[in-house]
Amino acid sequence: MLELKHIKKYYYVGDSVTKALDDVSVSFRQQEFVAILGPSGSGKTTLLNGIGRLDIYDSGDLIINGKSTKDFSEADWDAYRNNSVGFIFQSYNIIGHLSILDNVEMGMTLSGVPNQEKKEKATEALERVGLGPHMNKKPNQLSGGQLQRVAIARAIANDPEILLCDEPTGALDTETSEEIMQLIKELSAERLVVMVTHNPTLADEYADRIINFADGKILNDSNPYQENEAEDNFELKKTKMTFWTALKLSFTNLKTKKARTFLTAFASSIGIISIAIVLALSSGFQKQIDKTQGNTLAQFPVTISQTATKTTAQTYEKMKTSKSNKITAKLSQAEKATHTNKIDSDYLSYIKKLDPQLSKNVTYTYSTGMNLLSKQNGKVKTAQFSNSNSSSNDSTSQMTSAMSSSSGVGGSVYPSSSDNGAGFLKKHYSVLAGSMPKNENDIVLIVNRDNSTNINALKNIGMNVKDGQKLNFNKLVGTQLKIVSNDNYYKSTGSGTYTPNSDLSSMYDNSNNRTVRISGILRVKSKSSENILSSGIAYGDKLTQDIIQDNKNSDIVKAQKSSDSNVLTGQSVDGTTKKSLVSYLGGSTTPASILIYPNTFKNKDKVLKYLDKYNKGKSSSDKVIYTDLAGQVSNLTGGLMDAITYVLVAFAGISLVTSMIMIAIITFTSVLERTKEIGILKALGARKKDITRVFDAETVILGVSSGLLGVIIAWLATFPINAILKSMTDLSNVAQLNPIHAIILIIISTVLTVIGGHVPARMAAKKDAATALRSE
Ligand code: ADP
């Protein structure tokens, strides 16, 4: 059934040639017990390995059941080892980290025998070799004889036609040797057994046929056989290890080396840890920066006022002593730098077209007064939203002060054109009582973080309060004020001048009044947004716009527009003052200033670019100059943070590369360590691919666990890091590990580890079974 034809195998070491097999030709019967006897080094093992294809001979042919194996592919040989041959070695070659049953099942596992059948066959084989009662022990709990029985059970479990034994009793005592030989003898009743030994007594006692071997040649054969030209009736079942088997094999192996596996995973997770922390920190810092940017920009919006200061650098003129007898009239530098912006309808519509993505908030302030009346305890008083200690409630003096300050009525103005200010207010303020404004007639009271607010702001809306007095929220929320239209507020004296109505009560009750209401008390959220709106009353710019709509065609406005004197005092006025008066009375739709609140510094730059574009090609007097206070504060932060992040990522990258190299080294040592196991698997018919798979599976396990470990450690590390940062910088929760980053890092860890381990795994797979088995 098995025929060797002119098999040669030479080993070349240096200049010397060892003819391990020197043209060997021999045939074996379907059923017999052949002992190959010879001195050590005569080539017996080489012959056996050649028959079992653990080793590749140089030339010759092996004929199995009439089929030449000359054209066998790698896969054919793998299948041949798996289906047709069983090996028994001197050193047992049991895989230590697998259970006895798993060891016996391995050959069938490789050829994909179903679990149930596999288990039955393995149990049967173990019972046959007398290990029934020891089946549940681990390999390291067995004696040498018992281990050899496991090896025999493994060899016969798949019921092979050929059993190849290499000094099966070489490591056993005499008594155990007898038992093992007896067992092998029994097995030879069903198949061909070829046993290599240097022990003539054993050979004589048990073998049917003895072949004497020396120097790679057959000396004599006690029972030679000539194979008839048989039919080619040889069939092979291909082997294939599933990735699941590979995973299990790796997993049990790693399980036996828990401490080392953990250390390996930990060492290779260092790269992941550092990258995860850098990511957590930089995204936390970015959030922090965005917040700071938002707050800074809310405090220092880009401002366009009616008068601006040119930012051209102040030059120091060198003065020469003059010899002339004349005087030169000269503007001061400050006056030269003063520029009047023409905020006309052109400019306003240009601002309206500003990309709302860049700046959701634009405030228009007006120098318009409001004819405000309050009623406390039945007493009606004139009121205002101002914080200043203006005890005078006479509108004439208000008007004079209005002309000097830019805002007409005081109080803070927030952008409210699109959403009644909700977006802007929510970002920086929290509601203490009441609610956010719901329409333009809702105003709010802003309090400091200690719930204090300016006393004058309260007095000016009619509250009777003393310094330090505490007020209930509900005393303030819902407080109503009336805004009286010009036509109801001022009455003509007949001689071209106007005077405020003195009957405040009936004015208060006029049904045409606009009622404004304190809808809520708002408190600043954080220290950094403290100066956005000053404490006191705040209202949306929409309210002023509405009042201007109400009043722009009122009698007093018309009168003021056509008169060259102040219609309230009768004093004559110049053009500029007249403009201010018209504006104060609500006759001008031109805002006193425009405040643009971009959301980030980047967007601020875009806003500025947009504003600069307007000035292009315009004469210097037509240019509109803005003030960018935030620009002077900020330029640093953004770029600096980017730079720091890059440096950190670079460092983290280096540690990732380092840990990848470490993984590669560790897999490499693991491969070296498990060379013997590779040999065993190959002897059982595992393909190259299967071997690679086992190691790939191992690196997958390592990669996933080091990724997981890294992410968990990094996540745990964010707590102390945040605590330290909090104590050092007052910033809380800076380091935040994004779950998406965590998942990506685990994937990266796995992929890198597998790549790092794949090369040594491929190298392991290429090893010859015989070479691999010989390693210790
Ligand atoms: P035996 O099994 O009879 O003791 P072997 O088959 O192991 O003999 O070895 C036969 C000869 O081939 C020995 O001289 C041995 O040194 C040599 N040999 C075996 N393997 C190698 C190898 N990988 N490289 C070089 N020489 C080898």
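What counts as what
Residues numbered from 1 in each chain as written. Predicted model: local features only at pLDDT ≥ 70, side-chain atom pairs only at ≥ 80, totals over all residues. Heavy atoms only, no water. Helix = DSSP H or I, 4+ residues; strand = E, 2+ residues; numbered from the N terminus. Rg over C-alpha atoms; globule rule 2.2 N^0.38 Å. Buried < 20%, exposed > 50% of the residue type's maximum accessible area, 1.4 Å probe, protein only. Contact = heavy atoms within 4.5 Å. Domains from an automatic or database assignment. Buried area = accessible area lost by both parts, 1.4 Å probe. Salt bridge = Lys/Arg side-chain N within 4 Å of Asp/Glu carboxyl O. Polar contact = N/O pair within 3.5 Å; in protein donor to acceptor, adjacent residues only side chain to side chain. Nonpolar A, V, L, I, M, F, W, Y, C, P; charged D, E, K, R; others polar. UniProt positions renumbered as here; feature names shortened; annotations may be inferred. Near = heavy atom within 4 Å. Areas by Shrake-Rupley, 256 points an atom, 1.4 Å probe, with all protein chains shown as cover. Core = buried A, V, L, I, M, F, W, Y, C linked by side-chain atoms within 4.5 Å. Pairing = 2+ DSSP bridges. Axes fitted to C-alpha atoms, helices over the stretch in contact; angles between N-to-C directions. Parallel < 35°, antiparallel > 145°, perpendicular 65-115°, else oblique. Left-handed = near helix turned anticlockwise from the far one by under 90°. Patch = residues over 30% accessible without salt bridge, like charges linked within 9 Å, V, L, I, M, F, W, Y side chains within 5 Å.

Let's talk about the overall build of the chain
A count of helices and strands for the chain gives 27 helices and 26 strands. Relative to its length of 776 residues, the chain is extended, with a C-alpha radius of gyration of 48 Å against a globular reference of 28 Å. Counting only C-alpha atoms, the chain reaches 150 × 75 × 50 Å along its principal axes. Classification of the 776 residues of the chain by burial places 50% in the buried group. Long-range contacts, defined here as pairs at least 24 residues apart, represent 80% of the contacts in the chain between residues at least 6 apart.

A look at the domain arrangement of the chain
You can read the domains of the chain as domain 1 (2-239), domain 2 (244-294 + 639-774) and domain 3 (369-540). Taking both sides of the interface into account, the surface hidden between domain 1 and domain 2 amounts to around 1,900 Å²; carbon and sulfur atoms contribute 62%. Summed over the shared surface of domain 1 and domain 2, the result is 1 salt bridge. In this structure, the salt-bridge partner of lysine 248 is aspartate 102, at a minimum N-O distance of 3.5 Å. Linking domain 1 with domain 2 are 7 residue pairs in polar contact (both at pLDDT 80 or more), by the criterion used here. Going through the elements one at a time, helix H2 (74-83) and helix H3 (100-110) are the ones with two or more residues in the side of domain 1 that touches domain 2. Of all the elements, H3 adds the most residues to the side of domain 1 that touches domain 2, at 5 residues. Classifying every residue of the side of domain 1 that touches domain 2 gives 9 nonpolar, 8 polar and 6 charged.

So, the UniProt feature "transmembrane region" (unreviewed entry) in the chain
Mapped onto the present numbering, the UniProt feature "transmembrane region" (unreviewed entry) falls at residues 262-285, 643-672, 693-717 and 737-757. In the segment residues 262-285, helix accounts for 100% and strand for 0%; the C-alpha atoms at its two ends are 33 Å apart. Structurally, residues 693-717 is divided into 100% helix and 0% strand, and its ends, taken at the C-alpha atoms, are 35 Å apart.

Examining the site of the ligand
By nearness alone, 13 residues border the ligand, and Gly41, Gly43, Lys44, Thr45 and Thr46 come closest of all. Within the side chain of tyrosine 11, an N or O atom sits 3.5 Å from a nitrogen atom of the ligand. Serine 42 is positioned such that a nitrogen or oxygen atom in its backbone is 3.0 Å from an oxygen atom of the ligand. A total of 560 Å² of accessible area belongs to the ligand in isolation, and the protein chains cover 66% of it. Where the shell around the ligand is concerned, the elements lending two or more residues are strand S1 (2-13), strand S2 (16-28) and helix H1 (44-51). Broken down by element, the shell around the ligand gets its largest block of residues, 3 residues, from H1. Among the residues forming the shell around the ligand, the class breakdown is 4 nonpolar, 7 polar and 2 charged.

Observations regarding unusual backbone geometry
Non-glycine residue asparagine 65 carries a positive phi angle of around 45 degrees. Positionally, asparagine 65 belongs in the loop between strand S4 (59-64) and strand S5 (67-68). For asparagine 65, a relative accessible area of 12% gives the class buried. Non-glycine residue asparagine 93 carries a positive phi angle of around 55 degrees. Note that asparagine 93 resides in the loop between strand S6 (85-88) and H3.

Description of the side chain of arginine 81
Within the secondary structure layout, arginine 81 lies in helix H2. A relative accessible area of 6% places arginine 81 in the buried class. Here the side chain of arginine 81 touches arginine 53 through a polar contact of 2.5 Å, landing on its backbone oxygen. In this structure the side chain of arginine 81 is engaged in a polar contact, spanning 2.6 Å, whose partner is the side chain of aspartate 78. Excluding residues within four positions of it along the chain, arginine 81 makes contact with Gly52, Arg53, Leu54, Phe87, Lys682, Ala683, Gly685 and Ala686.

Here we look at the pattern of salt bridges
Counting across every chain of the model gives 22 salt bridges. The partner of glutamate 190 in a salt bridge is arginine 128, and the shortest N-O contact between them spans 2.6 Å. Residue glutamate 190 is located in the loop between helix H6 (174-187) and strand S8 (192-197), and its partner arginine 128 is located in helix H4 (residues 115-128); the two are separated by 62 residues in the primary sequence. Residue glutamate 190 is classed as partly exposed on the basis of its relative accessible area of 46%. As a salt-bridge pair, aspartate 546 and arginine 514 come within 3.7 Å of each other at their nearest N and O atoms. One end of the pair, aspartate 546, is in helix H18 (residues 541-551); the other, arginine 514, is in strand S23 (residues 514-524), and 32 residues separate them in sequence.

Some thoughts on the nonpolar core
Counting 55 residues, the largest nonpolar core has Leu2, Phe28 and Tyr80 as its most contacted members. Split by domain, the residues of this core number at least three in each of domain 1 (2-239) and domain 2 (244-294 + 639-774). Residue contacts for leucine 2: discarding those within four places in its chain leaves Val26, Ser27, Phe28, Ile51, Leu62, Ile63, Ile64, Tyr80, Ile162, Leu192 and Glu227.

Concerning the sheet that holds S4
Taking strand neighbours across the sheet as the criterion, the 4 strands line up as S2-S1-S4-S5 in an open arrangement whose pairing is antiparallel. Only two strands of the sheet have a single neighbouring strand rather than two, namely S2 and S5. Direction of pairing for S1 relative to S4: antiparallel, over a ladder of 5 bridges. Opposite leucine 2, over in S4, you have isoleucine 64 as the bridge partner.

Regarding the packing of H3 against H4
Look at H3 against H4: their axes get within 9 Å of each other, and the N-to-C directions meet at 125 degrees. Overall, the two elements H3 and H4 adopt an arrangement that is oblique. The handedness of the crossing between H3 and H4 comes out as right-handed. Contacts between H3 and H4 involve Ile100, Leu101, Val104, Glu105, Met108 and Thr109 from the former and Lys118, Lys119, Lys121, Ala122, Thr123 and Leu126 from the latter. The class makeup of the residues in the contact of H3 with H4 is 6 nonpolar, 2 polar and 4 charged.

As for a nonpolar patch on the surface
Judged by side-chain polarity, Val704, Leu708, Ile712, Trp715, Leu716 and Phe719 come together as a nonpolar surface patch covering roughly 560 Å² of accessible area. By secondary structure assignment, the location of valine 704 is in helix H25 (residues 688-729).

A closer look at the sheet that holds strand S14 (residues 361-365)
Strand order in this open sheet of 4 strands is S14-S25-S11-S26, and the pairing throughout is antiparallel. What marks the edges here is a single partner per strand, and that holds for S14 and strand S26 (627-628). Inspection of the sheet shows S14 paired to strand S25 (residues 593-597) by 5 bridges, in the antiparallel sense. When the sheet's bridge partners are listed, threonine 365 is paired in S25 with serine 593. Contacting strand S11 (302-305), S25 and S26, helix H21 (residues 601-615) runs over the sheet at an angle of about 25 degrees to S11.

Some points on the environment of tyrosine 80
Relative to the helices and strands, tyrosine 80 is located in helix H2. What makes tyrosine 80 buried here is its relative accessible area of 0%. For the pair tyrosine 80 and aspartate 628, spaced 548 residues apart in the sequence, the C-alpha separation amounts to 84 Å. Apart from residues lying up to four places away in sequence, tyrosine 80 is in contact with Leu2, Ile51, Gly52, Arg53, Leu62, Ile64, Phe72, Val85, Ile162, Phe234 and Leu236.

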